[in-house]
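# Tertiary structure, described
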Amino acid sequence: MSKHSMTSCVPAALLISLLTAAHPAAWAVDGVVLIDQNKVLAGGVTPGDAPGFPVTLTQPGSYRLSSNLTVPNAATTAVQIAPDVSGVTIDLNGFAILGPTVCGNFPVVCSPTGPGRGIETAVGVSGFVEQRGVTVRNGSIIGMGRYGVLLGGSGGLIEGVTATNNGVDGIFASQSVVMNNRTMKNGNSGITASNSVITHNLVSQNGSIGIRTNDSLVTQNVVIANGSYGAAGGASLTTGNQFSSNNGGSTNPQVLGVGASGTNGCDSTLCP
């Protein structure tokens, strides 16, 4: 019997089942798993992922949004990376993760708020976040109850993300590179990070400190009109940043508690 005739004898439903078993991520393209709203609601994006939010990523690999994801309330997290899962790349692909929180007025007030995150690394049984090498890039996270991106562990990268109208911080990270992002109108800080490099970000109109850091390098950022200081924290180095109209609209923005190199701009002059 020819190869063609053997294949034609296999019922279509059985053939589809066999192909799916051989390729668990049936909607993957070039090894990248695509995620949209319908797949989230159906579950099974990775093994053990229950229907609905959060999408739980239990395997390393590359994931890409193919539609916006909309969570139902401020208490809901959109995407969660399971404990001890490293080597995850999430490409928002120009799409947005959307929640119901809206932040307005100045100083910024956000409502409704809750524990929901846009993308988070989950805490393991030891009480620590142990993921390594997690990347989030190229899209928007808007209106989450608490954080836009919460990235623990080490070796992370957050790049090309717009985080706005989130109830607490736009971006919260440790031991990561945070670059080329826009964080605006979040309830607390635009960026909070420790042991990190924070560079080439626009941080504007957040409710409290624009960039809150510890043991980090803060360089080449534009920090405008935040409710408290442009940057604050401990044992960090700032260089080549531009601070303007921070501290509740003050014309004399301050860099507090940060080892400034003398090359930061405060409005039209060098910072003290």
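### Considering the pattern of salt bridges
- Applying the stated rule across the entire model yields 3 salt bridges.
- With a closest N to O distance of 3.4 Å, Arg 117 and Glu 120 form a salt bridge. Accessibility classification places Arg 117 together with Glu 120 in one group, the buried group.

### A few points about a nonpolar patch on the surface
- On the surface, a cluster of nonpolar side chains totalling about 200 Å² of accessible area is made up of Val 197, Leu 217 and Leu 237.
- Positionally, Val 197 belongs in strand β18 (residues 197-199).

### Structural notes on the nonpolar core
- Formed by 44 residues in total, the largest nonpolar core has its most connected members in Ile 35, Leu 57, Val 79 and Ile 97.
- Top contributing element to this core by residue count: strand β13 (residues 156-164), with 3 residues.
- Discounting chain neighbours no more than four positions away, the residues touching Leu 57 are Ile 35, Val 45, Thr 46, Tyr 63, Val 79, Gln 80, Ile 81, Ala 82, Val 85, Val 88 and Ile 90.

### Observations regarding the pairing of strand β20 (residues 211-214)
- The side-chain alternation of β20 yields one buried face, formed by Ile 211 and Thr 213, and one unburied face, formed by Arg 212 and Asn 214.
- Of the pairings in the sheet, the one linking strand β17 (residues 191-194) to β20 comprises 4 bridges and is parallel in character. The residue of β20 that forms the bridge with Ser 194 is Asn 214.

### Structural notes on unusual backbone geometry
- Cis geometry marks the peptide bond from Phe 53 to Pro 54; its omega dihedral reads -5°.
- As for its placement among the helices and strands, Pro 54 is situated in the loop between α3 (37-42) and β2 (55-57).
- Along the chain, Ser 111 connects to Pro 112 via a cis peptide bond; the corresponding omega equals -10°.
- The residue Pro 112 is located in the loop between β9 (109-111) and β10 (117-121) in this model.
- Positive phi is not limited to glycine here, since Asn 165 has a value of about 60°.
- With respect to the helices and strands, the residue Asn 165 is situated in the loop between β13 and β14 (171-174).
- A residue is classified by how much of its surface remains accessible, and Asn 165, at 15% relative accessible area, is buried.

### Digging into the pairing of strand β12 (residues 147-151)
- Burial runs high along β12: 5 of the 5 residues are buried.
- Alignment of β10 against β12, held across 3 bridges, turns out to be parallel. Residue pairing for β12: Arg 117 is matched across the bridge by Tyr 147.
- Judged from the 3 bridges that link them, β12 and β14 form a sheet pairing that is parallel.

### Section: the state of the cysteines
- Applying the stated criterion to the full structure yields 1 disulfide.
- Between Cys 103 and Cys 110 runs a disulfide, and the two sulfur atoms are separated by 2.1 Å. Here the S-S torsion is close to 110°, and the disulfide linking Cys 103 with Cys 110 is therefore right-handed. Judged on exposure class, the residue Cys 103 and its partner Cys 110 are both buried.

### With respect to the environment of Pro 107
- Looking at the secondary structure, you find Pro 107 in the loop between β8 (102-104) and β9.
- Judged by its relative accessible area of 56%, Pro 107 is exposed.
- Once the C-alpha coordinates of Pro 107 and Gly 207 are considered, the two residues, 100 residues apart in sequence, prove to be 5.6 Å apart.

### Some words on the confidence of the model for the protein
- Confidence in the prediction for the protein averages 85 pLDDT; 82% of positions are at 70 or higher.
- Here residues 1-26 scores under 50 on pLDDT; set against residues more than four positions off or in separate chains, the count is 5 contacts.

Analysis parameters
- Residues numbered from 1 in each chain as written.
- Predicted model: local features only at pLDDT ≥ 70, side-chain atom pairs only at ≥ 80, totals over all residues.
- Heavy atoms only, no water.
- Salt bridge = Lys/Arg side-chain N within 4 Å of Asp/Glu carboxyl O.
- Buried < 20%, exposed > 50% of the residue type's maximum accessible area, 1.4 Å probe, protein only.
- Patch = residues over 30% accessible without salt bridge, like charges linked within 9 Å, V, L, I, M, F, W, Y side chains within 5 Å.
- Areas by Shrake-Rupley, 256 points an atom, 1.4 Å probe, with all protein chains shown as cover.
- Helix = DSSP H or I, 4+ residues; strand = E, 2+ residues; numbered from the N terminus.
- Core = buried A, V, L, I, M, F, W, Y, C linked by side-chain atoms within 4.5 Å.
- Contact = heavy atoms within 4.5 Å.
- Pairing = 2+ DSSP bridges.
- Disulfide = S-S within 2.5 Å.
- pLDDT = per-residue confidence, 0-100.

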